[in-house]
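Per-entry structural report
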Amino acid sequence: MTDATPAKTWKKRTRAVHSGTRRSQYGEVSEALFLTQGFVYDSAEAAEARFIETGPDEYIYARYGNPTVRMFEDRIAALEGAEDAFATASGMAAVNGALVSMLGAGDHVVAARALFGSCLYILEEVLTRYGVEVSFVDGTDLAQWEAAIRPDTKAVFFESISNPTLEVIDIAAVSRLAHAAGALVIVDNVFATPVFQDTLGLGADVVVYSATKHIDGQGRCLGGVILGSKQFIRKTVEPYLKHTGGAMSPFNAWVMLKSLETVELRCRAQAEGAQRIAEALEGQPGLSRVIFPGLASHPQRALAAQQMETGGTVIALDLDGGQEAAFRFLNALEIVTISNNLGDAKSIITHPATTTHQRLTEEQRQALGITRGLVRLSVGLEDPDDLIADLTAALAAAGA
Ligand SMILES: *Cc1c(COP(=O)(O)O)cnc(C)c1O
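What you see is a predicted model; the values in this text were computed from it and never measured.

In this section: the overall build of the protein chain. Of regular secondary structure, the protein chain possesses 14 helices and 14 strands. Taking 21 Å as the expected radius of gyration for a compact globule of 400 residues, we find that the protein chain reaches 22 Å, a close match to that expectation. Reported as C-alpha extents along the three principal axes, the dimensions of the protein chain are approximately 75 × 50 × 35 Å. A burial count over the protein chain gives 55% of its 400 residues as buried.

This part covers the sheet that holds strand E3 (residues 84–88). As a general point, the strands of a sheet are linked pairwise by backbone hydrogen bonds and lie either parallel or antiparallel. Sheet architecture is open: seven strands sit in the order E3-E9-E8-E7-E6-E4-E5, paired in mixed fashion. Only two strands of the sheet have a single partner each, and these edge strands are E3 and strand E5 (133–137). For this sheet, the mean angle separating the axes of adjacent strands, direction not counted, is 20°. As paired strands, strand E7 (residues 184–188) and strand E8 (residues 206–210) are joined by three bridges and run parallel to one another.

The local shell around the ligand holds 13 residues, among which Gly 91, Asp 188, Ser 210, Thr 212 and Lys 213 are the closest. Contacts to the ligand include Gly 91, whose backbone N or O atom sits 2.8 Å from an oxygen atom. Residue Lys 213 places a side-chain N or O atom 2.7 Å away from an oxygen atom belonging to the ligand. Of the residues contributing to the shell around the ligand, the split by class is five nonpolar, five polar and three charged.

Considering the arrangement of structural elements, one finds Leu 303 in helix H11 (residues 301–307). The class of Leu 303 is buried, set by a relative accessible area of 15%. Taking the C-alpha atoms as reference points, Leu 303 and Leu 103, separated by 200 residues in sequence, lie 31 Å from one another.

We now examine the sheet that holds strand E11 (residues 314–319). Reading across from one edge, E10-E11-E14-E13-E12 is the order of the five strands in this open sheet, with mixed pairing throughout. Whereas interior strands pair on both sides, the edge strands pair on one side only; in this sheet they are strand E10 (287–291) and strand E12 (337–338). Across the sheet, helix H10 (residues 250–281) touches E10, E11 and strand E14 (374–378), and the angle it forms with E11 is around 20°.

Definitions and cut-offs
Residues numbered from 1 in each chain as written. Predicted model: local features only at pLDDT ≥ 70, side-chain atom pairs only at ≥ 80, totals over all residues. Heavy atoms only, no water. Helix = DSSP H or I, 4+ residues; strand = E, 2+ residues; numbered from the N terminus. Rg over C-alpha atoms; globule rule 2.2 N^0.38 Å. Buried < 20%, exposed > 50% of the residue type's maximum accessible area, 1.4 Å probe, protein only. Pairing = 2+ DSSP bridges. Axes fitted to C-alpha atoms, helices over the stretch in contact; angles between N-to-C directions. Near = heavy atom within 4 Å. Polar contact = N/O pair within 3.5 Å; in protein donor to acceptor, adjacent residues only side chain to side chain. Nonpolar A, V, L, I, M, F, W, Y, C, P; charged D, E, K, R; others polar. Contact = heavy atoms within 4.5 Å.

In structure tokens, the structure reads:
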């Protein structure tokens, strides 16, 4: 196997196409799918040696590592500017792996309150059951972070842009507060994508993705990845994940690896569409709010512009007529499909209060700004003019 190590000068798009490529003796152009659980040793002595010390391009068992998975890990690490990466079966395996691998009873964690439901479950229900203390803060309020972070705080956790109300967290400022207490900064960066934000450069220590979203980007496979220093990935994350079974399948890694070649182009086209759609919808009758980090009206527009190259690919819309209007709007759409994924080539719309955030109480939803009229729109790769026409017609139908 030969290895394409990225040149330091390579830009993101070049890394996304070439980094991590390993070629077999056949010299294939497209990366090979090594759909194998195990690996054969030349001799008993060779097996023994590999179990004592596994070389950088040697494998034992696919739960520990696999050449196709390794190609995906190296390519996404190069794209993110991270030293190393560990690929997981899903985004939640990545969130769980990053947190559980480093925390123990008696540790303290501070997290933003506005979180993806399953992330909230890990922090609220899982970690606390094993003796980890978790404090929740309003992620946009630096004074709350400052008050909550203590000398025994081991980690802070937040989504750089929250789901579904698109609050932007000040990564540099929160990282400074966390690092002063010696805490690790773990960021779920799904909404900002690996393309639009230099999350590690802003001060985060560990970045987590659900690869199910923009990285696959075509609604096919579940996957996740944890990115960080070689030390954290190989000494903290890998031992936990390789023994607890959170590894990504070689097939999914192959799909994700090929998807990385186009992730930058897709995300840019989707973000461009989202910007145009947000501008076209803002102020239209029937909508009380259009929330999008790329709009001047976003409460944290300046911070968003400082941290991110674009406003992202997701828009939240609040309909005047509450749930009835929101349902009429969803049901009247012809191009945009009703589903709960995001980052897909197909535009997708969700009503969080009755689906992804149904588990929360009405008060919790109110506190997070998830009203009955709120819908989350993930902008796909369709022509933005067609999407604007579809959304505008459905808004008119919802108001009728
Ligand atoms: C989807 C998502 C996850 C979970 O990812 P899965 O691949 O579905 O396990 C975690 N965090 C955020 C912000 C997400 O959008």
